[in-house]
Amino acid sequence: MLGYAVRRLLGAIPTLFLVITFSFFLMRVAPGGPFDRERTLEAKVLENLNRVFHLDRPIWEQYFYYLGNLARGDLGPSFIYRDFSVQQLLGNGLPVSIQLGGTALLIALLIGSLLGTIAALRQNSWVDYSVIATATFGITVPNFVVAPLLSLIFGVWLSLLPAGGWNSPGSMVLPVVTLALPQIAIIARLIRGSTIEALRSDHVRTARAYGLPTRMVVVVHALRAACLPVISYLGPAAAALLTGSVVVETIFGLPGIGRYFVQGALNRDYTLVMGTVIIIAVFVVVFNLIVDLLYAALDPRVRYD
């Protein structure tokens, strides 16, 4: 297992290299530059800025210069947030995104698994239909609709929770709920379908025939097999949630890396966008590796030799 993990991490290096390369050149191909939004600058001032940030060099020289700094762990300075490096900005924003996404993922796992299991045990009943209908609604309604509605209702009209910001524990509630709702719906549907299939499998029928209690049959035998599709889904879901939602962080004004990514893209802050892309790519690789290892631990038929 350890050898497989090492091979996967080494195999991810070319993938990360391709992500960095494509992102670097796509950012340069897009029209505009990091200083286009500034007030009209004198030619000499603009020339000095381009020289300081090496933007006066050919693009291939800029590329190798960036790779050299990246190899030393330097993501470079931010073009827009003066006096801040990309490491400092991401270091401030990443804990917020991790706290927000981790809480949303945990809530989605607990509630989604519970609802999906109840729906499977009450198949074709009003409980089952209610869970399916609610899950379908939760999947189809996007975050940019849910977030303003929750902020308007609970933050403005009822004044029960902060409508934005990151100043108190209550500030987490609305963003976490917004992020968790679609994940609850997806996990509930996955658990329901796989639990129904697991309850009809031979080993579960055998366990029931031996007279084991229903709770033990469901928890020990059925759910272990039913959670495998959810484990596979958690890789990209966890990476997306833990690196922050661009929409949610922007609407609620949260200082996470998703908000930095949006502002960096709008302002053509090349180094800030590149740093965010690298962080997200690393999270995707790591979480997919964790999912593979968990899959092998839960399913004895899977072995990585």
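All values reported here derive from a predicted model rather than from experimental measurement.

**Looking at helix H6 (residues 143–157)**
Consideration 1: The terminal C-alpha atoms of H6 lie 20 Å apart, and with 15 residues this matches the ideal 21 Å at 1.5 Å per residue to within 8%.
Consideration 2: Among the residues making up H6, those that are buried are Val-146, Ala-147, Leu-150, Ser-151 and Gly-155.
Consideration 3: The inward-facing, buried residues of H6 abut helix H7 (173–199) and helix H10 (246–251).
Consideration 4: Phi turns positive one or two residues past the end of H6, at Ser-159, with a value near 55°.

**Brief notes about the packing of helix H5 (residues 126–140) against H7**
Consideration 1: Running from N to C, H5 and H7 cross one another at 135°; their axes reach a closest spacing of 8 Å. One element, H5, and the other, H7, form an angle in the oblique class. Classified by chirality, the crossing of H7 by H5 is left-handed. The segment H5 lies against H7, with Asp-128, Val-131, Ile-132, Ala-135, Thr-136, Gly-138 and Ile-139 engaging Pro-182, Ala-185, Ile-186, Ala-188, Arg-189 and Arg-192.
Consideration 2: Classifying every residue of the contact of H5 with H7 gives 8 nonpolar, 2 polar and 3 charged.

**Considerations on the environment of Ala-238**
Consideration 1: Checked against the element boundaries, Ala-238 lands in helix H9 (residues 214–242).
Consideration 2: Considered as a pair, Ala-238 and Ile-98 are 140 residues apart in the sequence and their alpha carbons are 9.8 Å apart.
Consideration 3: When sequence neighbours within four positions are dropped, the list of residues in contact with Ala-238 reads Leu-105 and Phe-287.

**Digging into the side chain of Gln-183**
Consideration 1: Along the chain, Gln-183 falls in helix H7.
Consideration 2: Setting aside its immediate chain neighbours within four residues, Gln-183 contacts Ala-108, Tyr-233, Ala-237 and Leu-241.

**Regarding the pattern of salt bridges**
Consideration 1: The final tally for this structure, using the stated rule, is 1 salt bridge.
Consideration 2: With a shortest N-O distance of 2.6 Å, Arg-192 and Asp-128 are connected by a salt bridge. Of this pair, Arg-192 sits in helix H7 while Asp-128 sits in helix H5, and the two are 64 residues apart along the sequence. Both residues of the pair, Arg-192 and Asp-128, belong to the buried class.

**So, the packing of aromatic side chains**
Consideration 1: Tallied over the full model, the rule gives 8 aromatic pairs.
Consideration 2: Between Phe-24 and Tyr-66, the aromatic rings sit 5.9 Å apart at their centres with planes inclined by 40°, giving tilted as the arrangement. Residue Phe-24 is found in helix H1 (residues 2–29), and its partner Tyr-66 is found in helix H3 (residues 59–71); the two are separated by 42 residues along the sequence. This pair shows no difference in class: Phe-24 is buried, exactly as Tyr-66 is.
Consideration 3: With 5.8 Å between their ring centres and 85° between their planes, Tyr-81 and Tyr-260 make a pair best called edge-to-face. You can see Tyr-81 sitting in the loop between H3 and helix H4 (86–121) and its partner Tyr-260 sitting in helix H11 (residues 257–266), a full 179 residues away along the chain.
Consideration 4: Residue classification places Tyr-81 among the partly exposed residues on the basis of a relative accessible area of 23%.
Consideration 5: On the basis of relative accessible area, Tyr-260 is assigned to the buried category, the value being 14%.
Consideration 6: By way of ring pairs, the aromatic residues Phe-24, Phe-25, Tyr-63, Phe-64 and Tyr-66 are connected into one cluster.
Consideration 7: Geometry around Phe-24 places Arg-28 over its ring, the cationic atom sitting 4.0 Å from the centre.

**Considerations on the layout of surface pockets**
Consideration 1: Estimates place the volume of the largest pocket at around 350 Å³.
Consideration 2: Forming the boundary of the largest pocket are 17 residues, of which Thr-134, Phe-137, Gly-138, Leu-181 and Pro-182 lie nearest the centre.
Consideration 3: Residue classes in the lining of the largest pocket are distributed as 15 nonpolar, 2 polar and no charged.
Consideration 4: Estimates place the volume of the second largest pocket at around 220 Å³.
Consideration 5: Phe-53, Tyr-65, Pro-77, Phe-79 and Thr-271 are, among the 16 residues lining the second largest pocket, the residues nearest its centre.
Consideration 6: Tallying contributions element by element places H3 first for the lining of the second largest pocket, with 4 residues.
Consideration 7: Class assignment of the residues belonging to the lining of the second largest pocket gives a composition of 9 nonpolar, 5 polar and 2 charged.

**A few points about the environment of Ala-147**
Consideration 1: Locating Ala-147 in the fold gives a position in helix H6.
Consideration 2: According to the relative accessible area criterion, Ala-147 is buried, its value standing at 0%.
Consideration 3: Sequence spacing of Ala-147 and Ala-163 is 16 residues, and the spatial spacing of their C-alpha atoms is 9.7 Å.
Consideration 4: Residues in contact with Ala-147, not counting those within four places in the same chain, are Thr-178, Ile-251 and Phe-252.

Rules used throughout
Each chain has its residues counted from 1, running along the sequence as written. Given that the model is predicted, a residue must reach a pLDDT of at least 70 before its local features are reported, and side-chain atom pairs must reach 80 or more before they are shown or counted; all residues, however, enter totals for whole chains, interfaces and linings. Only heavy atoms go into the side-chain values, all of them from the structure, while hydrogens and water stay out. Secondary structure counts use DSSP, requiring at least four H or I residues in a row for a helix and at least two E residues in a row for a strand, with both numbered from the N terminus. Multiplying one less than the number of residues by 1.5 Å gives the expected span of a helix. Think of it in three bands: with a 1.4 Å probe and only protein chains considered, a residue is buried below 20% of the maximum accessible area for its type, exposed above 50%, and partly exposed in between. Throughout, a contact is declared for two residues whenever any of their heavy atoms are within 4.5 Å. In this analysis an axis means a line fitted to C-alpha atoms, helices contributing only their contacting stretch, and an angle means the value between N-to-C directions, from 0 to 180 degrees. Comment on the angle field: the value is read as roughly parallel under 35 degrees, roughly antiparallel over 145, roughly perpendicular from 65 to 115, and oblique elsewhere. Crossing handedness: left-handed means the near helix sits turned counterclockwise from the far one by under a right angle, and right-handed means the same turn made clockwise. Each residue is assigned to one of three groups, with Ala, Val, Leu, Ile, Met, Phe, Trp, Tyr, Cys and Pro labelled nonpolar, Asp, Glu, Lys and Arg labelled charged, and all others, Gly among them, labelled polar. Every case where a carboxyl oxygen of Asp or Glu lies within 4 Å of a side-chain nitrogen of Lys or Arg is listed as a salt bridge. Think of it this way: a Phe, Tyr or Trp ring, Trp meaning its six-membered ring, pairs with another when their centres are within 6.5 Å, and the plane angle makes it stacked under 30 degrees, edge-to-face over 60, tilted otherwise. As a reminder, the over-ring test applies to NZ of lysine and CZ of arginine, requiring each to be within 6 Å of the ring centre and within 35 degrees of the ring normal. Residues are called lining when one of their atoms sits within 4 Å of a cavity or pocket point, these points coming from a 1 Å grid over the protein atoms alone, where a cavity is a set in which a 1.4 Å probe fits but cannot get out and a pocket is an open set with protein on both sides within 12 Å along at least five of seven lines. Grid points are joined across faces, edges and corners, and a volume is the space filled by probe spheres set on the points.

From the geometry alone we can't say anything about function, so treat these as descriptive.
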